[in-house]
Amino acid sequence: MTFVVYNSLSKTKEPFRSLEPGVVRMYNCGPTVYNRPHVGNYRAFLFADTLRRWLEYCGFRVEQVMNITDVGHLTDDADDGEDKLEKQARKEKLDPWQISRKVAEQFFADLRALGVRPAKVYPKASEHIPEMVEIIEGLIAKGHAYAVGGDVYFDVKSFPSYGKLSGNRVEDLEAGSRIAVREEKRNPEDFALWKSDPAHIMKWATRFGPDGFPGWHIECSAMARKHLGDRLDIHTGGEDNIFPHHECEIAQSESFTGKPFATYWMHSKFLQVDGGKMSKSLGNVYTLDDIAAKGYTPRQLRFALIRGHYRAPLNFTWEAMKDAASSLENLDDLVARLRRAAKGDGAASAPNAGSELVEAARTEFEKHLNDDLNVAPALAPLFGLRAHALSGAFGVEAAGRALAFLTRANEVLGVIEIEEQLLDAKIDALIQERQAARRSKDFLRADEIRKLLESQGIVLEDSPKGVIWRRKSGA
Ligand code: AMP
Ligand code: ZN
């Protein structure tokens, strides 16, 4: 079966083919690190993670790059407004470098808590100035960009397919432009590649002038090229990135290299609150701390954010969090039941009973993920397996097979506590071995096992029902 993806560029679903067989080069627009990312941002990043995990499930090696925007992202997303980092720095009376370091660290901690697989590299814009300057100079040399004073603009009329991603036509943009008209621009919709501002704190001396800083869009073109090459398989971002950000990236990269930039553009829809966007500027954001304060774990949040289709808007409510938590409990319970059945406890008498149910669930799971990463219906067969497990449909072998399938499915979902469960099984087995050793008066072995368990933070207690164990707090 082929993986089919909705490509924002063609506005259709297309079969996925990588440029190089077996390898996927993927660039994800990452956070602007002026403030701790909120759960809306994490919807976009978890979409990228799920996509990467699915591609890995399909056998690809994924070269994933997610950037950190630490300079040049202005408050209006275009050429005007304040640098988000410098604005925040003034507010907090810190320097912008301190802010970006602090927030980036927080971001990485959040990613770890959410179980996100690490990208190959998280490049910072401020560390790629020479790569940006190289592209800007190349664009000037090819007649796609021009310098005025210390600023450099991209001439949108030099790139006839400008607008191919967003559907915006230059003429329409001219009519009702949200881009402020500046005297020095050749066309009102030309966008800045480089800006000069002596008052800017994060600034670099280049041949364009002594105090300049990059435009937001050129950063991603340069970081993608540096870490993945001229051409990408997939480029992702939230829906608000389509215009101007990604439209401008395409114009810059394709004009510079003369090659198509990304084959597939994939955009996730917003996480909403009461029907509107969750955004820092609207003040309706939640962070992972807010989620924890309500008693929910990052794993439960991960599930709540990935279980809807990435191209459908998702409303954030505490009711939805509660629902995600209880659905997840059912999946954990399924694993626990299958583990017992695999040991014969509550299993059907024929060892292979229920095997066909496992195969059907796998087919269904893969079919839906192959359909543009449609997570919601892909989960249904997992809950279906639980219904069968409740009625004792699985034999010993089929239960083992179901566990193997769930372990694999969880490689994509990253939410079920399978490792913990398997670890528990190992602990149970060791305890039984210790009991047997004691019965046969092999106290050396019994002691060895007790010490081994102790070293893993497992405390044993004798009870009237036999030995019970618990994890030492903090273990
Ligand atoms: P920013 O930190 O503003 O550069 O945004 C980082 C990423 O989060 C971008 O891909 C945005 O499109 C995405 N994003 C921002 N707000 C939301 C939201 N409410 N829901 C989903 N994605 C969002
Ligand atoms: Zn970007």
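Our subject is the structure listed above.
Small disclaimer: the values here were computed from a predicted structure and weren't measured. Numbers given for residues are sequential positions, taken from 1 along each chain in its written order. Throughout, the order in which chains and ligands are written sets their labels, letters from A for the former and numbers from 1 for the latter. At least 70 in pLDDT is required for a residue's local features to be given in this predicted model, at least 80 for side-chain atom pairs to be given and counted, and no such filter applies to totals for whole chains, interfaces and linings, which use all residues. With hydrogens and water stripped out, all remaining heavy atoms of the structure feed into the side-chain values.

**Looking at the side chain of Glu131**
Examined against the element boundaries, Glu131 turns out to sit in helix α4 (residues 129-141). A 3.5 Å cut-off defines polar contacts: any pair of N or O atoms within that distance qualifies, except that in protein one atom must be a possible hydrogen donor and the other a possible acceptor, and neighbouring residues in sequence count only when both atoms are side-chain atoms. Only 3.2 Å separates the side chain of Glu131 from the side chain of Lys226, close enough to count as a polar contact. Contact criterion: two residues are considered in contact whenever any of their non-hydrogen atoms come within 4.5 Å of each other. Filtering out sequence-adjacent residues up to four positions away, Glu131 remains in contact with Ala222 and Lys226. Runs of E in the DSSP output that reach at least two residues are strands. Runs of H or I that reach at least four are helices, and both are numbered from the N terminus.

**Description of the pairing of strand β6 (residues 151-154)**
Think of it in three bands: with a 1.4 Å probe and only protein chains considered, a residue is buried below 20% of the maximum accessible area for its type, exposed above 50%, and partly exposed in between. Here β6 shows no split at all, with Asp151 and Tyr153 on one side and Val152 and Phe154 on the other all buried. At least two bridges found by DSSP between two strands is the condition for calling them paired. Pairing between strand β5 (residues 145-148) and β6: 4 bridges, direction antiparallel. Each residue of the ladder has a partner; that of Tyr146, found in β6, is Tyr153. The hairpin formed by β5 and β6 contains 2 residues between the paired strands, and Gly149 there has a positive phi angle of roughly 60°. Pairing geometry for β6 and strand β7 (residues 191-196), over 3 bridges, is antiparallel. Note that in β7 the partner of Phe154 across the bridge is Phe191.

**As for the coordination of the zinc ion (ligand 2)**
Note that water is not among the atoms used; donors are N, O and S atoms within 2.8 Å of the metal (3.2 Å for Na, K and Ca), so sites may look incomplete. Here the zinc ion (ligand 2) is held by Cys29 (SG), Cys220 (SG) and His245 (NE2), and the distances to it run 2.1 to 2.2 Å. Read from N- to C-terminus, the donor residues coordinating the zinc ion (ligand 2) fall into the pattern C-x190-C-x24-H. You can see Cys220 sitting in helix α6 (residues 216-228) and its partner His245 sitting in helix α7 (residues 242-257), a full 25 residues away along the chain. Classification of Cys220 by relative accessible area gives buried; the value is 1%. Judged by its relative accessible area of 0%, His245 is buried.

**Topic: the pairing of strand β3 (residues 23-28)**
Of all 6 residues that make up β3, 6 are buried, and the element is covered over most of its length. What you see with β3 is no split at all: Val23, Arg25 and Tyr27 on one side and Val24, Met26 and Asn28 on the other are buried throughout. The pairing of β3 with strand β4 (residues 61-66) spans 6 bridges and is parallel. Paired with Tyr27 across the strands is Val65, a residue of β4. Here β3 pairs with strand β10 (residues 232-238) via 3 bridges, running parallel.

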